[in-house]
Amino acid sequence: MNELFDIGVNLTNKSLMRDLEGIMQRALDAGVTGMAVTGTSIESSQQAIELCRSYPGRLVSTCGVHPHHASEWDADSAAQIEALAADERVRAIGETGLDFNRNYSPPAAQEFAFESQLELAASLEMPLFCHQRDAHRRFVEMLTAFRHCLGPIVVHCFTDNREALTDYLDLDCHIGITGWICDERRGLELQQLVAEIPGERLLLETDAPYLLPRDLEPKPSSRVNEPAFLPHILARVAHHRQQSVDELAASCLENSRRFFGL
Ligand SMILES: [Zn+2]
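Note that this is a predicted model, so its numbers are computed, not measured.

Criteria and cut-off values
Residues numbered from 1 in each chain as written. Predicted model: local features only at pLDDT ≥ 70, side-chain atom pairs only at ≥ 80, totals over all residues. Heavy atoms only, no water. Helix = DSSP H or I, 4+ residues; strand = E, 2+ residues; numbered from the N terminus. Rg over C-alpha atoms; globule rule 2.2 N^0.38 Å. Areas by Shrake-Rupley, 256 points an atom, 1.4 Å probe, with all protein chains shown as cover. Lys, Arg positive; Asp, Glu negative; His and termini not counted. Charge placed at Lys NZ, Arg CZ, Asp CG, Glu CD. Donors = N, O, S within 2.8 Å, 3.2 Å for Na, K, Ca; no water. Buried < 20%, exposed > 50% of the residue type's maximum accessible area, 1.4 Å probe, protein only. Salt bridge = Lys/Arg side-chain N within 4 Å of Asp/Glu carboxyl O. Arc of directions from axis to C-beta. Core = buried A, V, L, I, M, F, W, Y, C linked by side-chain atoms within 4.5 Å. Contact = heavy atoms within 4.5 Å. Pairing = 2+ DSSP bridges. Axes fitted to C-alpha atoms, helices over the stretch in contact; angles between N-to-C directions. Left-handed = near helix turned anticlockwise from the far one by under 90°. Nonpolar A, V, L, I, M, F, W, Y, C, P; charged D, E, K, R; others polar.

A.B. asks: Honestly, the overall build of the protein chain in this entry has me stumped. Any pointers?
C.D. replies: Tallying secondary structure elements over the protein chain gives 10 helices and eight strands in all. Its C-alpha radius of gyration of 17 Å places the protein chain within 12% of the 18 Å reference for a compact globule of 262 residues. Put simply, the protein chain shows about 11,300 Å² of open surface, and 48% of that area lies on carbon and sulfur atoms. Considering the protein chain, the positive charge centre built from 23 side chains and the negative charge centre built from 39 side chains are found 5 Å apart.

Here it is as structure tokens:
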């Protein structure tokens, strides 16, 4: 069994919290010894730190405001994130970025919150955990403007095209791959592109409870994705890279440790 680290778990989500001990045990049984809990709002970032306290050595967290929550950004948000990020369990700023797919928050609010968090990651010298959907052009513009003063960046849940991948690699970003690659309809392009990601820039994640791999057998009756399914994603990524599962697991684990300073 390969040891793995899941870089993106929305562990504060209700569908995972209701069976937290089971989720954590099944992850361990599957070799997923560590994970980064994604903070998506001030409140969930606080909860993420609490969860890290309950599972020392197994959990770290990110701290930030997701583009969906960008309209909640106010004059205190930057100071609140900075205070939370002082906790040693917080290893990255985010989830932040732009999502013009649903525009749960207006684009202008998303850009303001993103820029504020770019500034925070730069001034705190912390890695950046990014989300981008249907906003590639503007996202790259903003990221490029800050690249010189930022450390490691991951564009998590990459589902975009070759042009976007090239832009991210040119900015020396890490690329987070989820079970999207297991989707026999939507994942076809990603199945081609995953072989083009340099080994030292590839990270694995479930994005649980979202994105249950469509080819998982048997599927859980709950339809809830969880970190225990990361080995399944690993196997699919290895297949499409024509790389050995063991070799890919080892390099992704090493990349995760380096990225989050573990
Ligand atoms: Zn995301």
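Moving on from the model shown.
A.B. asks: I tried to follow the coordination of the zinc ion on my own but got confused; where do I start?
C.D. replies: Where a metal carries four tetrahedral donors, each ideal angle is 109.5 degrees; where it carries six octahedral donors, the ideal angles are 90 or 180 degrees. Coordination sphere of the zinc ion, protein contribution only: E95 (OE), H131 (ND1) and H156 (NE2), at 1.8 to 2.1 Å. Looking at H131, the relative accessible area reads 14%, which means it is buried.

A.B. asks: Could you clarify how one ought to interpret the pattern of salt bridges in this entry?
C.D. replies: Opposite charge on two side chains permits them to pair, given that their charged atoms come into close proximity. One pass over the full model with this rule turns up 16 salt bridges. For the salt bridge of D87 with R89, the shortest nitrogen-to-oxygen distance reads 2.9 Å. Classification of D87 as buried rests on a relative accessible area of 15%. For R89, a relative accessible area of 25% translates into the label partly exposed. Each of the salt bridges in this network shares a partner with another, and the network as a whole consists of D183, E184, R185, R186 and R214.

A.B. asks: What is the right way to look at helix 6 (residues 136–146) in this model?
C.D. replies: For an α-helix the count is 3.6 residues per turn, leaving residues at separations of three or four pointing the same way. What helix 6 keeps buried is the set H136, F139, V140, M142, L143 and F146. The arc that holds the buried residues of helix 6, viewed along the axis, is 165°, so those residues lie on one side.

A.B. asks: Any chance you could explain the nonpolar core here in plain terms?
C.D. replies: Considering soluble globular proteins, one finds that nonpolar side chains tend to be buried as a cluster. The biggest cluster of nonpolar side chains holds 73 residues, and the ones touching the most others in it are L11, L143 and I177. Counting residues per element, this core draws most heavily on helix 5 (residues 107–124), which supplies six residues. Those residues in contact with L11 that sit more than four places away from it in its chain are L16, M17, L20, I23, M24, V37, L51 and L59. F5, I7, A92 and L253 belong to the second largest nonpolar core, which has 11 residues in total.

A.B. asks: How do you make sense of unusual backbone geometry when you look at a structure like this?
C.D. replies: Negative phi values dominate among residues other than glycine, just as trans dominates among peptide bonds. The peptide bond linking A208 to P209 adopts the cis configuration, its omega dihedral lying at 5°. Among the structural elements, P209 can be located in the loop between strand 8 (202–204) and helix 9 (230–241). The omega torsion across E217 and P218 is -10°, close enough to zero to call that bond cis. Along the polypeptide, P218 turns up in the loop between strand 8 and helix 9. For D172, which is not glycine, the phi dihedral falls at a positive 55°. For D172, the position within the fold is in the loop between helix 7 (162–170) and strand 7 (174–177). Accessibility expressed as a relative area gives 37% for D172, which makes it partly exposed. A positive phi angle is found at R223, which is not glycine, with a value near 60°. Among the secondary structure elements, R223 is positioned in the loop between strand 8 and helix 9. For R223, a relative accessible area of 52% puts it in the exposed group.

A.B. asks: What exactly am I supposed to notice about the side chain of S41 here?
C.D. replies: As for its placement among the helices and strands, S41 is situated in the loop between strand 2 (32–37) and helix 3 (42–54). The exposure class of S41 is buried, given its relative accessible area of 9%. In this structure, S41 is in contact with G64, V65, H69 and E72, ignoring residues within four places of it in sequence.

A.B. asks: Sorry if this is basic, but what is going on with the sheet that holds strand 2 here?
C.D. replies: Strands belonging to one sheet form pairs held by backbone hydrogen bonds; the direction of such a pair is parallel or antiparallel. As summarised here, the arrangement of the eight strands in space is 1-2-3-4-5-6-7-8, forming an open sheet in which the pairing is parallel. Two strands in the sheet have a free side with no partner beyond their single neighbour: strand 1 (4–9) and strand 8. Between one strand axis and the next, the sheet turns through 30° on average, direction left out of account. Where strand 4 (residues 90–99) meets strand 5 (residues 128–133), six bridges bridge the pair, whose relative direction is parallel. Following the sheet pairing, D99 is matched in strand 5 by R133.

A.B. asks: Can you help me understand the packing of helix 4 (residues 77–85) against helix 5 in this one?
C.D. replies: Helices that pack against each other are described as a pair by the angle of their axes relative to one another and the distance between those axes. Here helix 4 crosses helix 5 at 35°, and the two axes come no closer than 11 Å. Where helix 4 crosses over helix 5, the handedness of that crossing is right-handed. Of helix 5, the residues touching helix 4 (which contributes A78, I81, E82 and A85) are Q117, L120 and L124. Residues that form the contact of helix 4 with helix 5 fall into these classes: five nonpolar, one polar and one charged.

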